[in-house]
Amino acid sequence: MIEFDYRNVSAEILGEENGLNIEEEFNNYNDRIARIINELNSKKDKPGQWLQWMNLGYSEETVWLVKEYAAMINGRFDNILVLGIGGSALGGYAVCEALLKPYWNLLTPEQRNNLPRIFFLDNIDPDQINSLLDILDLKKTLVNVITKSGSTAETMSQFMIIKNRLQEEIGDNYTRNIVATTDQNSGILRQISNEEGYKTFVIPDDVGGRFSVFSAVGLLPFALVGINIEELMQGIKDMDLALKNTDIRHNIAAQNALIHYLMDSQKGKNMTVMMPYSSRLKYISDWFVQLWAESLGKEYNRNGEKVNIGPTPIKALGATDQHSQIQLYNEGPNNKIINFIRVKEFDTTLDIPKIFEYTGIGYLGGKTINSLLNAEADATRVALADYQRPNVTITLEKINPYNIGQLLYMLEVQTAIAGELYNINTFNQPGVEQAKNYTYALMGRAGYEESAQDLQAKMH
Ligand code: PA5
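Sequence order sets the numbering: in each chain, residues are counted from 1 along the sequence as written. Confidence filtering applies because this is a predicted model: local features only for residues at pLDDT of at least 70, side-chain atom pairs given and counted only at 80 or more, and all residues used for totals across whole chains, interfaces and linings. With hydrogens and water excluded, all non-hydrogen atoms of the structure serve as input to the side-chain values.

(A) Fine view of the pattern of salt bridges. What counts as a salt bridge is simple: a side-chain nitrogen of Lys or Arg found within 4 Å of a carboxyl oxygen of Asp or Glu. Scanning all chains against the criterion turns up 20 salt bridges. The closest approach of N and O atoms between Lys148 and Asp183, which form a salt bridge, is 4.0 Å. Residue Lys148 is located in the loop between β4 (141-147) and α6 (153-170), and its partner Asp183 is located in strand β5 (residues 178-183); the two are separated by 35 residues in the primary sequence. Asp183 shares its class with Lys148; the two are buried. Here Lys244 makes a salt bridge to Asp240, at a shortest N to O gap of 2.6 Å. With a relative accessible area of 2%, Asp240 lands in the buried category. Numbering of helices and strands runs from the N terminus; a helix is a DSSP stretch of H or I covering at least four residues, while a strand is a stretch of E covering at least two. With a 1.4 Å probe rolled over the protein chains alone, any residue whose accessible area is under 20% of its type maximum counts as buried; one over 50% counts as exposed, and the rest are partly exposed.

(B) How the structure looks around unusual backbone geometry. The omega torsion of the bond from Gly318 to Ala319 falls at 0°, within 30 degrees of zero and hence cis. As for its placement among the helices and strands, Ala319 is situated in the loop between β10 (312-315) and α12 (326-331). A positive phi angle is found at Asn114, which is not glycine, with a value near 60°. Position of Asn114 among the secondary structure elements: in the loop between α4 (90-99) and β3 (117-121). For Gln388, which is not glycine, the phi dihedral falls at a positive 60°. Tracing the chain through its elements places Gln388 in the loop between α13 (369-386) and β12 (391-398).

(C) View of the pairing of strand β2 (residues 79-83). A large share of β2 lies buried, amounting to five of its five residues. On β2, burial covers both faces: Asn79, Leu81 and Leu83 on one face and Ile80 and Val82 on the other are all buried. At least two DSSP bridges between two strands are needed for those strands to be called paired. Inspection of the sheet shows β2 paired to β3 by five bridges, in the parallel sense. The partner of Val82 across the bridge, within β3, is Phe120. Orient the strands so they point away from the viewer, and a crossover whose first-strand-to-second-strand path over the helix runs clockwise is right-handed. Following the backbone out of β2, through α4 and into the adjacent parallel β3, one traces a crossover that is right-handed. Relative to β4, β2 is paired through five bridges, and the arrangement is parallel.

(D) Inspection of the domain arrangement of the protein at higher detail. Parsing the protein into structural domains produces domain 1 (3-42 + 232-428) and domain 2 (52-230). Each domain span listed reflects an automatic or database assignment of domains. With centres defined by C-alpha atoms, the gap from domain 1 to domain 2 works out at 30 Å. At the interface, 34 residues of domain 1 touch 29 residues of domain 2. Both faces considered, domain 1 and domain 2 share a buried interface measuring about 2700 Å² in area, 68% of it formed by carbon and sulfur atoms. When two components associate, each loses some accessible surface as probed by a 1.4 Å sphere; the sum of these losses over both components is called the buried area. Sorting the residues of domain 1 by area buried against domain 2 places Leu232, Met233 and Arg280 first, and these three jointly supply 25% of that buried surface. Remark: the boundary between domain 1 and domain 2 carries one salt bridge. Here, residues are in contact when the closest pair of their heavy atoms is within 4.5 Å.

(E) Examining the packing of aromatic side chains more closely. Any two of the Phe, Tyr and Trp rings considered here, Trp counted by its six-membered ring, make a pair once their centres fall within 6.5 Å; the pair's planes then place it as stacked at under 30 degrees, edge-to-face at over 60, or tilted in between. Following the criterion strictly, the structure yields 16 aromatic pairs and no others. Relative to Tyr422, the ring of Tyr261 has its centre 5.1 Å away and its plane inclined at 90°; by these criteria the two rings are edge-to-face. Remark: Tyr422 occurs in helix α14 (residues 401-422) and Tyr261 occurs in helix α10 (residues 252-267); sequence separation between them is 161 residues. Look at Tyr422 and you get buried, because its relative accessible area is 9%. For the ring pair Tyr277 and Phe340, a centre distance of 5.9 Å and an interplane angle of 50° mean the geometry is tilted. Separated by 63 residues along the polypeptide, Tyr277 in the loop between β7 (271-276) and α11 (282-296) and Phe340 in strand β11 (residues 336-345) bring together distant segments of the chain. Among the aromatic residues, those joined into a ring-pair cluster are Trp53, Phe211, Tyr409 and Phe427. For a lysine, the NZ atom is tested; for an arginine, the CZ atom; a charge sits over a ring if that atom is within 6 Å of the ring centre and within 35 degrees of the ring normal. When the ring centre of Phe201 is taken as origin, the NZ or CZ atom of Lys199, which lies over that ring, is 5.1 Å away. Its end group placed over the ring of Tyr440, Arg445 keeps NZ or CZ at 4.4 Å from the ring centre.

Dropping the structure here:
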């Protein structure tokens, strides 16, 4: 199991003003947390609760289907191009970055075991898209277009461009280069897929975008690049079992949810920094930022009261951001809680040669880069505690599919529990609609004429 260390949030270390009497709080909240956990688990199969993500780790059928497809097309494509945005891209990208060898796309085919390169296009920057299209041989590229709604402007505009290019280059057989991941019945992409005959995978009902990484949204790209998805699923299942424990003293997701909730509501720490000490985990922070922000940032609570709450997530990378953000975290406003992710054993070891012994950097010689990185993580968390800055540490034994499954699932459950503590709807995102409507209006979508007028008045 992954380890969780919360000693640096305690009042003993940080003082009463900034720290929590954590054992006391665990006692105070134990019953409420138990009710939340029981309720999440008992409601998860009910339609309309948006809790189907809690079942994804058990979906053997999806594993079987994506593996069968990956085996069927094995060797046909040099590249996978994933089109998607937000929850339809961030999880897949984060896991691929974590579990594939660094610089995967620059490795030779032999170094990649003849598995394809993988590109995630999660923005609509014309220069980036044009440049990528210059690099990719579309004939040898499988395009996985992912959108739950089937109509997201960013994803569908990319798709329209690439579909046309494919058709121009390949002719009628272009559909073989497309696989769509979308809702089972509804949405424009589903309609197009049926009409044009694309291979499709389903995003199950009641799974929101930011909780969809363990559906075909993530599993298909993972299978296509050879990630061991059985191990990943085992990690999720084992974590799910552990997190069914209703005793907060034995439930790390509940512990971290409560710590963040109390730090925000009682101690004014309304910013959550996610700081892995591993470049491979860098994009786990991007995924977490969306999960935490969209789930917890809400105008109204469940009682309909206007609350405008939600901790602001911030991404950071150790050791890099020690030289960029840590000055602020140590000495600036004491309004943050920092989450470190630490890796015990890296896949490789890198020795620092014993040279320049006569200089001030001589002490580095004979050590490893591995020990330097972890020493920096430990030094930073202790220094933060010295400045009375709360921080917690999640430790992974190794970066592997099992542990990544555990980590992401734990953070999902933590987010769901935090949402219950804040008494908000974790699974909606009404705050993104207004800008979407204005975009439709600006782009001339039928039915948005009124928004267009409203917008024109506000822009001038
Ligand atoms: O978490 C979410 O629901 C969003 O980030 C969506 O994933 C994002 O807006 C993309 O939506 P869709 O998958 O419908 O294209």
